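Observations on the model geometry
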Amino acid sequence: MTEKFSIVIPTYNEKDNVEPLLKEIDSALGRKYEYEVLFIDDNSPDKTADVINSLSGKYPARVIVRTEEKGLSTAVIFGFNQAKYETILVMDADLQHPPIVIPRLIEAIEEGNDIAVASRYVPGGGCEGWSKRRVLTSKGAIFIAHLFLPQSRRIADPMSGFFVFKKKILDGLTLQPIGYKILLEMLCLAPNAEATEVPFLFRLRERGESKLNFNQHIEYLKHIFSLMYRTKELIRMIKFAIVGASGIIVNEGTRKLITVLNGQSSDIWAAPIGIELSIITNFTLNNFFTFSDKKASTLPSFASKLVRYNIFSIIGALIQYGVYMLLTRVAGMSAPPFDTIANLIGIGIAVIWNYFSNSWWTWKK
Ligand SMILES: Nc1nc2c(ncn2[C@@H]2O[C@H](COP(=O)(O)OP(=O)(O)O)[C@@H](O)[C@H]2O)c(=O)[nH]1
Ligand SMILES: [Mg+2]
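This section reports on the structure supplied with the text. Remember, it's a predicted structure, so these values are computed and weren't measured experimentally.

Another aspect to go through is the nonpolar core. Within the largest apolar cluster, 76 residues are counted, with the highest numbers of intra-cluster contacts made by Ile7, Ile25, Phe39, Phe80, Ile102 and Phe165. The biggest single contributor to this core is helix α6 (residues 182-189), with seven residues.

Right, here's the structure in full:
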């Protein structure tokens with residue numbers, strides 16, 4: 001069965017791009033597919049909408065002009081609601097997203113995926129003419145998403161604006177992207193949607209201007225934070241901190257109890273017992289409380305997660321010790337009260353390490 005689909009394209013001042021784009025889409029898709037191209041234009045002063053209307057006889061294209069609202073994300077979501085078909089492809093108007101990739105994206109949907117992403121960061125993909133610095137900024141932004149939003153980790157390029165999806169995955173969801181990144185929003189809010197990637201080369205813009213500006217970086221961070229809140233990742237961090245605090249009580253309580261019963265000199269083995277016991281209680285609480293949605297419920301998986309958790313805790317302790325030594329011995333923070341501050345900084349960094357290493361590797365899924 002060949003999939004019928006709507007191509008939703010947001011436009012703002014793209015009059016010179018519309019015709020070459022429609023031509024490229026037409027030659028990429030030929031007569032093999034049933035599709036519509038739906039432009040959502042925010043009343044562009046350059047009269048993009050007039051150009052689209054003049055081409056709608058020649059191509060299966062139509063335009064809806066919004067006058068009340070502005071903005072890329074809301075334009076795209078508006079397009080989702082107006083689309084004729086149940087499968088929706090999103091792309092930009094400026095030819096940075098090559099239409100030649102569309103058949104492979106549709107194929108991925110026909111194979112049973114719910115989302116197929118045209119990706120710059122899988123083998124075979126890339127960015128034409130980007131400086132090292134620009135690639136690094138882009139990858140850094142993705143790393144932040146992957147770190148804070150586990151649901152985004154299943155896609156190497158969750159920031160792509162070129163993707164196709166089945167509309168049904170949005171049932172019951174309210175999309176409220178703050179910034180530019182609708183795909184990221186969808187991946188996080190529909191964690192069970194089957195998603196895959198197809199490589200593509202992000203081309204240079206030849207005509208018109210990019211609307212991306214510095215403000216978008218701030219919006220992006222706000223978007224990440226909002227998604228952490230809505231996907232309950234923020235609550236997870238708070239739970240992890242509470243469990244950590246309980247571990248301190250177990251750790252010191254055990255050491256104290258043993259030394260009271262066996263004499264002060266028994267601290268040589270009482271302290272490591274306290275440490276290990278608190279690692280085990282922390283692990284157990286995190287498994288059933290902090291990461292209850294990904295918990296180990298069989299004994300072998302419990303054991304293997306416990307081993308990992310133990311290893312990350314030991315690395316965390318070494319990090320704490322390393323930071324403490326560095327700050328007291330090299331950075332001159334050895335005199336009180338700076339030694340305490342040095343140790344607290346070490347503890348803080350170790351806690352961050354513990355959280356992310358375990359979120360990434362111990363409770364992966
Ligand atoms: N409707 C609408 N489209 C927009 C808006 N801002 C950007 N676009 C469109 O969104 C697509 C991507 O924008 P672009 O500026 O090329 O972003 P960049 O590729 O990240 O530099 C293009 O098709 C733009 O015309 C907006 O405010 N409203
Ligand atoms: Mg662009």
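Structure's up, so let's keep going.
Regarding helix α4 (residues 102-110), the residues found buried are Ile102, Pro103, Leu105, Ile106, Ala108 and Ile109. Positive backbone phi, at 115 degrees, marks glycine 112, one or two positions downstream of α4.

In terms of burial, strand β2 (residues 35-41) is a largely internal element, seven of the seven residues being buried. Because side chains alternate across β2, one face comprises the buried residues Tyr35, Val37, Phe39 and Asp41, and the other comprises Glu36, Leu38 and Ile40, equally buried. Note that strand β1 (residues 5-11) and β2 share seven bridges and pair parallel. In the sheet register, phenylalanine 5 faces β2, and the bridge partner there is tyrosine 35. You can see the chain leave β1, run along helix α1 (residues 15-29) and come back into β2, and the turn it takes is right-handed. Note: β2 against strand β3 (residues 61-65), five bridges, orientation parallel. Residue pairing for β3: isoleucine 40 is matched across the bridge by isoleucine 64. Tracing the backbone out of β2, into helix α2 (residues 48-55) and back to the parallel element β3 gives a crossover that is right-handed.

All right, on to the coordination of the magnesium ion (ligand 2) then. For a metal with four donors in a tetrahedral arrangement, the ideal angle between donors is 109.5 degrees, while six donors in an octahedron ideally sit at 90 or 180 degrees. Looking at the magnesium ion (ligand 2), the protein donor atoms are Asp94 (OD) and Gln96 (OE1), and they sit 1.9 to 2.0 Å from it. Of the two residues, aspartate 94 and glutamine 96, both sit in the buried class.

How each quantity is defined
Residues numbered from 1 in each chain as written. Chains lettered and ligands numbered in written order. Predicted model: local features only at pLDDT ≥ 70, side-chain atom pairs only at ≥ 80, totals over all residues. Heavy atoms only, no water. Core = buried A, V, L, I, M, F, W, Y, C linked by side-chain atoms within 4.5 Å. Buried < 20%, exposed > 50% of the residue type's maximum accessible area, 1.4 Å probe, protein only. Helix = DSSP H or I, 4+ residues; strand = E, 2+ residues; numbered from the N terminus. Pairing = 2+ DSSP bridges. Right-handed = clockwise from strand over helix to strand, strands pointing away. Donors = N, O, S within 2.8 Å, 3.2 Å for Na, K, Ca; no water.

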